[in-house]
Amino acid sequence: MNVLLSNLVLALIWAALTDTMNAGGLLIGFIIGYLVLVLVFRQHPDVRQYRLRVPRMFSFVVFFTKELIMANLKVAYDVLTPIHLMKPGVIAMPLRAESDLEITMLANAISLTPGSLSLDVSSDRKVLYVHVMYLHNEADVMNELKRMETKILRVMR
């Protein structure tokens with residue numbers, strides 16, 4: 001049973017029946033479909049796992065949106081003011097992500113955030129090289145990247 005596909009179908013049915021085929025209608029349909037699946041099929045093992053994954057996904061979306069806004073503001077401030085706070089550098093981030101999909105999701109999330117760019121993954125897939133614009137404190141940057149990796153892994157696993 002593919003629970004995500006079932007949830008998406010229920011969301012589409014909801015949006016079609018309520019004649020709200022827009023982002024808001026689909027989101028409400030997704031939430032209602034999620035609640036229906038969790039309540040009706042709560043003993044099914046796939047649904048039990050899905051029940052935990054969806055809130056983690058929404059948590060990651062909120063977290064990533066906040067990080068994206070803060071990084072945009074930081075870069076915009078640095079570009080618009082005469083004093084440049086940039087201290088670019090490359091760091092080697094040890095990876096806990098193991099699969100190609102997990103590494104790709106992390107690398108893309110890092111590259112989408114202004115002020116950072118994923119450069120390369122080591123041949124043994126244990127290290128991700130990241131270019132950052134603000135490398136004032138390597139430990140702080142590493143903690144931010146690790147926090148993003150943890151959030152992604154909670155959604156993916």
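Residues numbered from 1 in each chain as written. Predicted model: local features only at pLDDT ≥ 70, side-chain atom pairs only at ≥ 80, totals over all residues. Heavy atoms only, no water.

Per an unreviewed UniProt entry, the protein chain goes by the name Na+/H+ antiporter subunit E and belongs to Alkalimonas mucilaginosa. Per UniProt, the protein chain carries the Sequence similarities (unreviewed entry) text "Belongs to the CPA3 antiporters (TC 2.A.63) subunit E family." Listed under Subcellular location (unreviewed entry) in UniProt, the entry text for the protein chain is "Cell membrane". (UniProt positions renumbered as here; feature names shortened; annotations may be inferred.)

Chemist: I keep staring at the overall build of the protein chain and nothing clicks. Help me out?
Modeler: Scanning the protein chain for helices and strands turns up five helices and three strands. Of the regular secondary structure in the protein chain, the N- to C-terminal order runs α-α-α-β-α-β-β-α. By the compact-globule yardstick of 15 Å for 157 residues, the protein chain is too spread out, its C-alpha radius of gyration being 19 Å. For the protein chain, the C-alpha atoms occupy an extent of roughly 55 × 40 × 20 Å along the three principal directions. Sorting the 157 residues of the protein chain into buried and exposed places 33% on the buried side. Sequence separation of at least 24 residues holds for 65% of the intrachain contacts in the protein chain that already meet a minimum separation of 6. (Helix = DSSP H or I, 4+ residues; strand = E, 2+ residues; numbered from the N terminus. Rg over C-alpha atoms; globule rule 2.2 N^0.38 Å. Buried < 20%, exposed > 50% of the residue type's maximum accessible area, 1.4 Å probe, protein only. Contact = heavy atoms within 4.5 Å.)

Chemist: Where do I start with the packing of aromatic side chains in this structure?
Modeler: Centre-to-centre distance and the angle between the planes together describe a pair of aromatic rings. Across all of its chains, the model carries four aromatic pairs by this definition. With 6.2 Å between their ring centres and 75° between their planes, Phe30 and Phe58 make a pair best called edge-to-face. You can see Phe30 sitting in helix H2 (residues 23-40) and its partner Phe58 sitting in helix H3 (residues 45-80), a full 28 residues away along the chain. By relative accessible area, which is 9% here, Phe30 ends up buried. Look at Tyr34 and Tyr50: their rings are 6.1 Å apart centre to centre, the planes differ by 55°, and that puts the pair in the tilted class. In this pair, Tyr34 is assigned in helix H2 and Tyr50 in helix H3, connecting sequence segments 16 residues apart. Site record: aromatic cluster; members linked through ring pairs are Phe60, Phe63 and Phe64. (Phe/Tyr/Trp six-rings, centres within 6.5 Å; stacked < 30°, edge-to-face > 60°.)

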